[in-house]
Structures are given as C-alpha cells and as structure tokens.
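Descriptive analysis of the structure
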Amino acid sequence: MNTRSIRFRLVIWYAGLLMAVFVLLGILMYGGLKLYLEQSLSRAQISRAHQIAGTLLANIGKTGEAYVVNEINAWFAPETNDRFIRITTEGSSVLYASSSPRDMSFDASHVPLYREPKKEGSWRRQKLPDNKELLIASTPYQTTGGKRYLVEVGASLEPIHDVLHRLIVLLVVGLAVMMLVATSGGSFLVQRALAPVDRISRSAEQISLHNLKDRLPIAKTGDELERLSISLNHMIARLEDAFQHNRRFIADASHELRTPLTIMRGELESIVEGAYFASEVQVTAASILEEVERLTRIVEGLFAISRLDAGEAQKEMVRFDLAKLATSTAEQMCLLAEDKDISISCNAPADVMVQGDRPRLKQVIVNLLDNAIKYTPAGGKIKMSILACDDEAILEVEDNGIGIPTEAHPRIFERFFRVDQARSREMGGAGLGLSIVKSICTAHGGHVGFQSTEGKGSRFKVELPLSRANNNKQESTDGN
Ligand code: ADP
C-alpha cells in the first residue's frame, strides 16, 4: 500500500477526524450520563433523609426512639430495598443503623461514622474497604427540644457503575464498527472520486512527441478534475502548436537551403572540372565543394528528420519483405566496403514481412552499414542478419571496428553528436545518421539499440513490428 497516495492520506484523515469526533461525543455522553445518574440518586437519598427527619424525628420527643426505629423498619425496609439508613445523635451514639442489604451489595457495618454534618442535603461518596462505593446523603436535624441528630441515607453506586461500564463497551464496539465502515466506505468513495486521475495519467503516459494530436479523456464530473483535464489538453494543444511551428521552421529552412546548395555544387563542379581556371583556384574550389557537399548532407538529414517528426512516414506504409531489402542493400554497399578491404556478409534465411515506408527503412540499413564501414579499419568484417522472432522483425548489423566508448553510449542517438568530432568530420559524418535511424524506427513503432566495446566493435539491433498477412496493402514491385 502506497502510504503517500492521496487515497491513503484522505482515508486516514477522514477516519482520524471521525474517530476524534466519536471519542469526544463518547466522553461527553459518558460524563453527562454519570452526572445525571449520580444526581438522580443523590436527590432521591436527600429527599428520603428529609422525609425521615421531618416526619419521624420531628415528634421523637412524644413518640420515643423505639417508635422511630420501628417506623423506619416498617416504612423504608432498608435491607429489602438495598438501602443504608443511619441516625446518629450529637454525641456520635447511633440511634438507628440498618444492616447489610439482602443482596450483600455492601457491608453496612463498614460505613464509618460521619462526624462533620454539613449543611442540609449534602452528599458524599463513601468508599468501603471491599472497594464497594456508596452514595450517602446526610442531613442534620434539631428537635424543638434542642437535641441534634444526623440522618444518613445511602445506596450502592454499583448499578450506576454497571450502566457506565456497559456504555463504555457499547462505545468501544461502536467505534470499531464505525472505523471499519469509515475506512472501507471512505476508501471506496475516494477511489471512485480519483478514478479519472488514473485514466488521465495513463493517457498522459501515452502522449509523446509523435502523437501530440492525442488528447486526455475529459471526466464530465463538473469538478476540479474536469477543469484539470481541460487545462492539460489546452497545454498539450499549445505544445503541439509550438512543435509544429518548430518542425515547419526546420523543414522550410532546409527546403529553402537545398536549391542554393544544389546551384553552388553545380557551379563549383564546373570550376573544378573545367579547364578555364588556374590550378590554385581549382584546388580552392574543390575544397569549398567538399564543404558544400557536407552542408548538403546536413540539410538533407535535417529535412528528413523534420518530415519524420511530422509523421510523414505513416503516409507511405506498404507491406514488403525486409529481408530482401536488406540483402539487396548490402550487395549495393559491398563496393564501398571492398574499397576499404572490408567484407560484408548477410544472413537472411527467410522472408520477414513488415509494414512500413520502404525508402526510409532502406535508409536505416544504409546508415547502419555506412557507419559500420566508416568506423571499421581495413580488413574488418561486417555481419548483417535479419530474421523474424515472435512478433518482431529483428535486423542486426555487427562490426569488429573501433567501437564506442562507454561514456558516449547515452548520447549516441542525439542529433549532431559525434564521438570524435574531427575523425567523424573527416569521414563526412555530421552526427545525424543515428538520429535519423532512431526517428524512422520510432515512426514505425519500433526500436533501435546497440552494444559496443571500445576497440572491439559494435552491434546495432533494430526491432520492428512484424506485419500480419491479411489486412494490409502489399507492395507488388521489388524495386530498391
Ligand atoms: P556520423 O554521421 O557522424 O557517423 P551518426 O549519428 O551516424 O553520425 O553516429 C554518431 C557517432 O556514433 C559517430 O560520430 C561515431 O562516433 C559513432 N558510431 C556510430 N556507429 C558506429 C560504429 N558502428 N562503430 C563505432 N562508432 C560508431
């Protein structure tokens, strides 16, 4: 469980707050009930003490003490009614003291004598040695003859403790049930409320430079999430505009540069090949021609990348045999390799059908073979293999050339990146070949990777989705 997720934190907050409110309510309820029960009990005891004093003790001079004792036993029957009644005179001699009740809920003989009669109708808690507690109301009374008595009437607090104990059990069980319902219900509600966030983030993961036309799903909930998805879609639209603008600029700039470069090349070639100029001029013109040719390759590369980024490869998709294309391309490039005394072998045992832009996929093979030839010393070997594996067409180009240093691996597909600037420049490279390979593979839903060890060689691996036979347009010619 992710404890940092919004879902977890919301549920914890919600359950914690609910628990705090419930506990507070429980404390208030417990305190209120305890006060109410104790006050009711004390009021009943006080009124009984007044009754005894007002009716029985008022006439004690005439009726005699024995009569009072009999009357208390007859009217109040403390043992039967689980009550405690005691009347003491001023000198602390006991006129009447009830015995322990029949249910033995307390031991009356353990109630100590009370020597500080306060004002009328006061009450106290009396703890007994056996841990039982009595609530005893006491009221002082003075007869007309001036004799003072203290009337004490009490009852056990046990029944109140019982009720309060049951209330605590009920509250604890209620709290546990409520927490269970709150956490599971809260978790369900939060999950429902946050479900659009999952959908939005899953869609956002899918959006890249190549499908900036896609938009996030809009949760029609009218809440903040709907506003968020609309704002994100506006942001993606603005990004798409900015990228389109950028791509158009590169495409337009490289397109505009192609014509003057072609004219310059033509003019320079005629100077180099013509017989009308001094040899110094021809040498300079040849050097400028080399640079113009390099510039032309860069412009062509940028033009190709900008069109691929704009998704143009998608328009030219046909179904064809990549193995056949790889074999014929390798044969064409053999001459270039032979010039450097490098051998190229091609292993393509079976047809490998793919759906793609044929000229561009040929460009992938050419760029990889060209690099292998460029960066392999004379006498080296280049092996190319193409085969179908599961749902993928796999094309590998392996050489035993100079290899790529480990620190350059992460940047090898970046535009204009070259491991050794001077050396690559000498060989006519501008650092765009592998970027073009990557753009073409991505545009075909494929992937390019490599393994390389400096001084030992490199192996580039292209993976493309295999074409299913049925639903595709099949190319009829085998033209290269
Ligand atoms: P370039 O046009 O300069 O060759 P690439 O994009 O094709 O540019 O390659 C980028 C860099 O990767 C090259 O400058 C080169 O240093 C390195 N590289 C590419 N392929 C190989 C290879 N087969 N062997 C060694 N180095 C390579």
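Up top you'll find the structure we're talking about.
Residues numbered from 1 in each chain as written. Predicted model: local features only at pLDDT ≥ 70, side-chain atom pairs only at ≥ 80, totals over all residues. Heavy atoms only, no water.

**Notes on the sheet that holds strand β4 (residues 133-142)**
Test applied: The pairing criterion for strands is at least two bridges between them, as found by DSSP. Here a helix means four or more residues in a row that DSSP labels H or I, a strand means two or more in a row labelled E, and each is numbered from the N terminus. Where helices are involved, their axes are fitted lines through C-alpha atoms of the stretch in contact, as for all axes, and angles between N-to-C directions lie from 0 to 180°. The contact criterion used throughout is that any non-hydrogen atoms of two residues lie within 4.5 Å.
One open sheet accounts for 5 strands, arranged β2-β1-β5-β4-β3; its pairing is antiparallel. Each edge of the sheet is formed by a strand with only one pairing partner; in this case those strands are β2 (94-97) and β3 (122-127). Each adjacent strand pair in this sheet contributes to an overall mean axis angle of 20 degrees, direction not counted. Summarising the sheet, strand β1 (residues 83-89) and strand β5 (residues 148-156) pair through 7 bridges and their orientation is antiparallel. What sits directly across from Arg83, in β5, is Ala155. Running at roughly 145 degrees to β5, helix α1 (residues 6-56) makes contact with β1, β3, β4 and β5 of the sheet.

**A short note on the pattern of salt bridges**
As a reminder of what qualifies: Counted as salt bridges are all cases of a side-chain nitrogen of Lys or Arg within 4 Å of a carboxyl oxygen of Asp or Glu. To sort residues, take the accessible area from a 1.4 Å probe on protein chains only and compare it with the maximum for the residue type: under 20% means buried, over 50% means exposed, and anything in between is partly exposed.
Enumeration over the complete set of coordinates arrives at 11 salt bridges. With a closest N to O distance of 2.6 Å, Arg125 and Glu38 form a salt bridge. Placement of the pair is Arg125 in strand β3 and Glu38 in helix α1, with a sequence separation of 87 residues. For Arg125, a relative accessible area of 36% corresponds to the partly exposed category. For Arg124, the salt bridge identified is with Glu152, shortest N-O distance 3.0 Å. One end of the pair, Arg124, is in strand β3; the other, Glu152, is in strand β5, and 28 residues separate them in sequence. A single burial state applies to Arg124 and to Glu152, both of which are buried. Shared partners join several salt bridges into a network, and the residues in it are Arg86, Arg124 and Glu152.

**Quick notes on helix α5 (residues 224-273)**
Rule in force here: Between the first and last residue of a helix there are one fewer steps than residues, each counted as 1.5 Å, and that sum is the expected span. At every residue, the bend is computed as the angle between two fitted axes, covering the seven residues ending there and the seven beginning there respectively. Within 3.5 Å is the distance limit for a polar contact, defined as a pair of N or O atoms, with the added protein rule that one can donate a hydrogen and the other accept it, and that residues adjacent in sequence qualify only through two side-chain atoms.
Along its 50 residues, α5 runs 72 Å from first to last C-alpha, staying within 8% of the 74 Å computed at 1.5 Å per residue. Along α5, the largest kink reaches about 25 degrees and is centred on Arg258; proline Pro260 follows within four residues of it. Within α5, the full set of buried residues consists of Leu225, Glu226, Ser229, Asn233, Ile236, Glu240, Arg247, Ala251, Ser254, Leu261 and Leu268. Those residues of α5 that are buried lie in contact with α4 (158-206) and α6 (279-309). Regarding α5, its N-cap is Asp223, as a side-chain oxygen of that residue lies 3.1 Å from the backbone nitrogen of Leu225 further along.

**Some points on the pairing of strand β9 (residues 381-389)**
The pairing of strand β7 (residues 343-347) with β9 spans 5 bridges and is parallel. Residue pairing in the sheet places Asn347 in a bridge with Ser385 of β9. The pairing of β9 with strand β10 (residues 392-399) spans 8 bridges and is classified as antiparallel. Of the residues in β10, the one forming a bridge with Met384 is Val397. Connecting β9 to the next strand, β10, in antiparallel fashion are 2 residues, including Asp390 with a positive phi near 55 degrees.

**Some details on the packing of aromatic side chains**
Put simply, the rule reads: The pairing test for Phe, Tyr and Trp rings, Trp by its six-membered ring, is centres within 6.5 Å, and the orientation test on the planes gives stacked under 30 degrees, edge-to-face over 60, and tilted for anything in between.
Applying the stated rule across the entire model yields 3 aromatic pairs. Here the aromatic rings of Phe450 and Phe460 are separated by 5.4 Å at their centres, their planes lie at 20 degrees, and the arrangement is stacked. Of this pair, Phe450 sits in strand β11 (residues 447-453) while Phe460 sits in strand β12 (residues 457-465), and the two are 10 residues apart along the sequence. A single burial state applies to Phe450 and to Phe460, both of which are buried. Three or more aromatic residues link up through ring pairs in this structure, and these residues are Phe413, Phe450 and Phe460.

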